[in-house]
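# Observations on the three-dimensional arrangement
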Protein chains: 2
Amino acid sequence: MRPDTTDDKDKIKIAIVGYGNVGKGVQEAIARNPDMTLTAIITRNVERTRKDFLGNFHTLKIPCNTVYDIKDVDSWKNKADVAILCGGSKEDLPKQGPYFARYFNTVDSFDTHANIPKYFNEMNEIAKANHSVSVISTGWDPGTFSLERVLADAFIPEAGHYTFWGPGVSQGHSDAIRKVKGVKDAIQYTIPIQEAIDRVREGGSPALKAKEKHKRDCYVVADKSEQARIKKEIKTMPNYFSDYNTEVTFVTQEKMDKMKENMPHGGFVLTTGRMGNDRNKGMIEYRCQWDSNPEATGNILVAHARAAYRFSKEGKTGAYTILDIPAAYLSPHSKETLLKDFM
Amino acid sequence: MRPDTTDDKDKIKIAIVGYGNVGKGVQEAIARNPDMTLTAIITRNVERTRKDFLGNFHTLKIPCNTVYDIKDVDSWKNKADVAILCGGSKEDLPKQGPYFARYFNTVDSFDTHANIPKYFNEMNEIAKANHSVSVISTGWDPGTFSLERVLADAFIPEAGHYTFWGPGVSQGHSDAIRKVKGVKDAIQYTIPIQEAIDRVREGGSPALKAKEKHKRDCYVVADKSEQARIKKEIKTMPNYFSDYNTEVTFVTQEKMDKMKENMPHGGFVLTTGRMGNDRNKGMIEYRCQWDSNPEATGNILVAHARAAYRFSKEGKTGAYTILDIPAAYLSPHSKETLLKDFM
């Protein structure tokens, strides 16, 4: 359903920090949300970004003088209501999150699940001190899948919940590989293991280890002399790869470029449990399928920028996750429209 | 995941208003949520309820002197934190909602979609005046399906969303039939039309009328002499049946009792749309399958009673829907557990 248009002066002003795949996905998403406008792209590499941005110019009718150097704080610090941080979770966000929360309300997709509580506390403290709102760890997982896990657990108490990803490209894991010394480029495919899906659908609430549910296929561009060390570093990387059956295949840059043309992804959260007096079963399945993972993440980040802006306008400060945000705050529609057309 | 236990004195005290199928579903749900306790059943028919309640006694270790006559206000008015209103939308809730919001925080499953805005405004005014919180129109549709429609629309802007129900028993529609003069008993099966599902899955965002998506099969117990009039009244009933292909079949009470032993239901919300620069598709599918519709509704109502209680403790007043409630408020788990185990 098409949302109402918004006067230019009332549009939410968005800054994109980091102009990679997710940054471009955010740019495209802003163009589809008439209550938003892109007012700044903040980057470590202005020249490359200006060139890339012109390449994407067909989508957005915005002059490219909106590109700012990340180091030139005075040039960008008053340019937006919300900064959407599009860097990686491994090296960018742990620094950029706390840094940008000093200047803007922020939204990010920090996705190192094990470190979310620590990152939340850090962002909460900084955002409160700066009277800003920071929505952390959103996208589809963590993000919408986190939300669905919590909802299904509330509606089927003590249910077992199972998350499966793929087959598709994980940006977080691809990014983590690219940070390994000597890696020129990389892409990671997450493959759900069908046998595990079948066991869950049978309803027996099986106990499944990470490696029984998914395997991780990594494709890497690197010099021959570095490959043995790189392979070992990837396979033993904690949080990302060490708990999985991980395969590493080295490919040419040409092959890599071809693989990166499409970045589909998807997955589902499956929750099953007993209800009432144990006689009856309940099942909830949430599934998404994206032709473009970065565009899907971009769309979800942009909806959360709307919520961050609205929270901030209400005087809220600190860190929030999707679990703290009512759905109405994510929607472009008015309360009246939601009650009339969506309930 | 099992939530922490709660000291008896800190448990949320719940009153059930109306002890039919949904009331019993709520009773069973309370037994599965260790932060809640059932402190009152409020009914128009104390004798029948006491008998029914004893029949369900195996689930809850609660003496049956918790059953109160709806007319004896002084006996029940201070007995609970939240009243869960389990009556029907057609005749009970329009009166009971405003009435009980004077005494308690309330949760209900008012499901006449077309009248939700009006009911919301009425409940909002009364709840604000009485410093109480009223969560209206929750269950799985309206309720979780409403939430999923809003979320998917926010994450895939301008997407088409399609809701299919069944095959299964609609309590709201069964209840509406039972209000027709001369009807002794009734049950209504909602049947999704497979051809419509197939068209949506193909991704073409077809425009589908209500009658192209579902048919409604009604089974009714009534005296022969009344059947022609009853059939006509059902088929022409606005909001419930007039927009559908509705079939009415008369059966014996014996056959009816057999049909009512199981009340499975389910359905899904399917959202498809274009993303980015129109090149790519996105799809979100939310599906639930319940062996017992009343138990599922009971579970969802109970989670919302938790949210109503927490909203009230924070000093909020007025009417709310599931669209206004952060998921964390529905969950029995602490913020720390949610960040650590669910994100």
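The structure contained in this document is the topic of the report that follows. (Residues numbered from 1 in each chain as written. Chains lettered and ligands numbered in written order. Predicted model: local features only at pLDDT ≥ 70, side-chain atom pairs only at ≥ 80, totals over all residues. Heavy atoms only, no water.)

### With respect to the overall build of chain A
We apply this condition: Secondary structure counts use DSSP, requiring at least four H or I residues in a row for a helix and at least two E residues in a row for a strand, with both numbered from the N terminus. In this setup the radius of gyration rests on C-alpha atoms only. A globule is expected at 2.2 Å times the number of residues raised to 0.38. Remark: exposure states derive from per-residue accessible area (1.4 Å probe, protein chains only) relative to the maximum for the residue type, with buried under 20%, exposed over 50%, and partly exposed in between. Throughout, a contact is declared for two residues whenever any of their heavy atoms are within 4.5 Å. To measure how exposed things are, a 1.4 Å probe is used in the Shrake-Rupley method; for residues, cover is taken only from the protein chains shown.
A count of helical and extended segments in chain A gives 14 helices and 14 strands. For 343 residues, the compact-globule estimate of 2.2 N^0.38 gives 20 Å, and chain A sits close to it at 21 Å. For chain A, the proportion of its 343 residues judged to be buried stands at 60%. Counting only contacts in chain A whose residues sit at least 6 apart along the sequence, the fraction spanning at least 24 positions is 70%. Carbon and sulfur atoms form 47% of the exposed surface of chain A, whose accessible area is close to 14200 Å².

### Examining the relation of the copies chain A and chain B
Stated precisely, the cut-off is as follows: The copies are overlaid by a least-squares fit using only the C-alpha atoms of residues whose pLDDT is at least 70 in both copies.
After a rotation of 180° and a shift along the axis of 0.0 Å, chain A superposes on chain B with an RMSD of 0.0 Å. Both copies of the chain, as the preceding transformation shows, are related through a two-fold rotation axis. Here 100% of the contact residues of chain A are again contact residues in chain B; the copies associate through an equivalent surface.

### Let's talk about the interface of chain A and chain B
So the rule is basically this: Once two parts are joined, some of their accessible surface, as seen by a 1.4 Å probe, is lost; buried area is that loss totalled over both. For this document, the term salt bridge refers to a Lys or Arg side-chain nitrogen within 4 Å of an Asp or Glu carboxyl oxygen. Residues adjacent in sequence count toward polar contacts only when both atoms are side-chain atoms; beyond that, a polar contact is any pair of N or O atoms within 3.5 Å, and within protein one must be able to donate a hydrogen and the other to accept it. Just so you know the grouping, Ala, Val, Leu, Ile, Met, Phe, Trp, Tyr, Cys and Pro go in nonpolar, Asp, Glu, Lys and Arg go in charged, and all remaining residues, Gly too, go in polar. DSSP bridges decide pairing: two strands pair if at least two such bridges lie between them.
Across the boundary between the two partners, chain A contributes 73 residues, which contact 73 residues of chain B. For the pair chain A and chain B, the summed buried surface comes to about 6600 Å²; carbon and sulfur atoms form 58% of the total. The largest contributions to the chain A side of the interface with chain B come from R32, F155 and M343 of chain A, which together make up 14% of the buried area. Residue K335 of chain A is joined to D324 of chain B by a salt bridge in which the shortest nitrogen-to-oxygen separation is 3.5 Å. For the pair chain A and chain B, the interface holds 32 residue pairs in polar contact (both at pLDDT 80 or more). Elements supplying a minimum of two residues to the side of chain A that touches chain B: helix 5 (116–129), helix 6 (144–155), strand 12 (265–275), strand 13 (280–290), helix 12 (293–313), helix 13 (327–330) and helix 14 (335–342) of chain A. Ranked by the residues each element gives to the side of chain A that touches chain B, the list is headed by strand 13 of chain A, at eleven residues. In terms of residue class, the side of chain A that touches chain B is made up of 35 nonpolar, 19 polar and 19 charged. Pairing analysis gives nine bridges linking strand 13 of chain A to strand 13 (residues 280–290) of chain B, with the strands arranged antiparallel. Of the residues in strand 13 of chain B, the one forming a bridge with M283 of chain A is Q289 of chain B.

### Section: unusual backbone geometry
The omega angle of the peptide bond from D141 of chain A to P142 of chain A is 0°, so this bond is cis rather than trans. Looking at where P142 of chain A falls in the secondary structure, it is placed in the loop between strand 6 (133–135) and helix 6. Following G166 of chain B, the chain continues into P167 of chain B via a peptide bond in cis, with omega recorded as 5°. Along the polypeptide, P167 of chain B turns up in the loop between strand 7 (160–165) and strand 8 (168–169). Positive phi, close to 55°, is recorded for H131 of chain A, a residue that is not glycine. Looking at H131 of chain A, the relative accessible area reads 63%, which means it is exposed. A positive phi is found at S137 of chain B, a non-glycine position, where the angle reads about 55°. With respect to the secondary-structure elements, S137 of chain B resides in the loop between strand 6 (133–135) and helix 6 (144–155). A relative accessible area of 0% means that S137 of chain B is categorised as buried.

### Looking at helix 4 (residues 93–100) of chain B
For helix 4 of chain B, the full list of buried residues reads L93, Q96, G97, P98 and F100 of chain B. If you follow the buried residues of helix 4 of chain B, they end up packed against strand 1 (12–17), strand 2 (36–43), helix 3 (73–76), strand 4 (82–85), strand 5 (105–108) and helix 5 (116–129) of chain B.

### Some details on the sheet that holds strand 6 of chain B
All names here are of chain B. What counts here: Axes here refer to lines fitted to C-alpha atoms; in helices the fit is confined to the stretch in contact. Angles between the N-to-C directions go from 0 to 180 degrees.
Pairing is parallel in the open sheet, where seven strands are placed in the order 3-2-1-4-5-6-14. Here the strands that pair on one side only, and so sit at the sheet edges, are strand 3 (67–69) and strand 14 (318–320). Direction aside, the axes of adjacent strands within the sheet are offset by 25° on average. Judged from the four bridges that link them, strand 4 and strand 5 form a sheet pairing that is parallel. Within the sheet, the bridge partner assigned to I84 lies in strand 5 and is V107. Taken strand by strand, helix 5 contacts strand 5, strand 6 and strand 14, and its axis lies near 140° from that of strand 14. Running over the sheet, helix 12 (residues 293–313) touches strand 1, strand 2, strand 4, strand 5, strand 6 and strand 14 and is turned about 155° from strand 5.

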